[in-house]
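Summary of the model geometry
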Amino acid sequence: MTKEELAKANYESACACDRQGKEEEAIPYYQKALDLGLSGQDRTEALLGLGSSLRNVGKAREAVVLLENAQAEFKDFIPLRAFCALARWSVSKDKKELANLRTILQVGQLGGYEKAVRMYLQDAEAHSAT
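First things first, this report covers the structure right here in the doc. (Residues numbered from 1 in each chain as written. Predicted model: local features only at pLDDT ≥ 70, side-chain atom pairs only at ≥ 80, totals over all residues. Heavy atoms only, no water.)

Within the fold, S53 resides in helix α3 (residues 40–56). The residues touching S53, leaving out its near neighbours within four places in the chain, are D18, E23, A26, I27 and Y30. (Helix = DSSP H or I, 4+ residues; strand = E, 2+ residues; numbered from the N terminus. Contact = heavy atoms within 4.5 Å.)

Here it is in structure tokens:
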């Protein structure tokens, strides 16, 4: 198996874990895929998945750093902005980040991530109200 194929296999394993709600198990697969040089759209989505998984397992500060770096690399991939705002909110609980997230949702271009972003926003708003 080539390095590229191994990177892709690790990425696919990460995605499978994520779909099952096993973020803790997904993290090392994402990291291995990225370490092996995953490229293209898969790299973009692996960075997003890793950042989201880190946030979901209580490592929001790590998620912020990773997602901010990913945004610098992939400036036009709007879902990274949404997940970064969510991670920043998880760290700061600053309602400004939720407002940013709402704006990103209004602008659109979240593709297959819109449903998840809406769900996370609702959950965050519920936690902000308490």
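Here the focus is the side chain of S128. Turning to its location among the elements, S128 is positioned in helix α7 (residues 114–129). Owing to a relative accessible area of 19%, S128 belongs among the buried residues under this scheme. Among the polar contacts made by the side chain of S128, one reaches the side chain of W89 at a distance of 3.4 Å. Excluding residues within four positions of it along the chain, S128 makes contact with W89, K95 and L98. (Buried < 20%, exposed > 50% of the residue type's maximum accessible area, 1.4 Å probe, protein only. Polar contact = N/O pair within 3.5 Å; in protein donor to acceptor, adjacent residues only side chain to side chain.)

Of note, K93 is a non-glycine position whose phi angle comes to about 60 degrees, a positive value. Within the fold, K93 resides in the loop between α5 (78–92) and α6 (95–107). Located in the positive-phi region is Q109, a residue other than glycine, with phi close to 65 degrees. Its place among the elements puts Q109 in the loop between α6 and α7.

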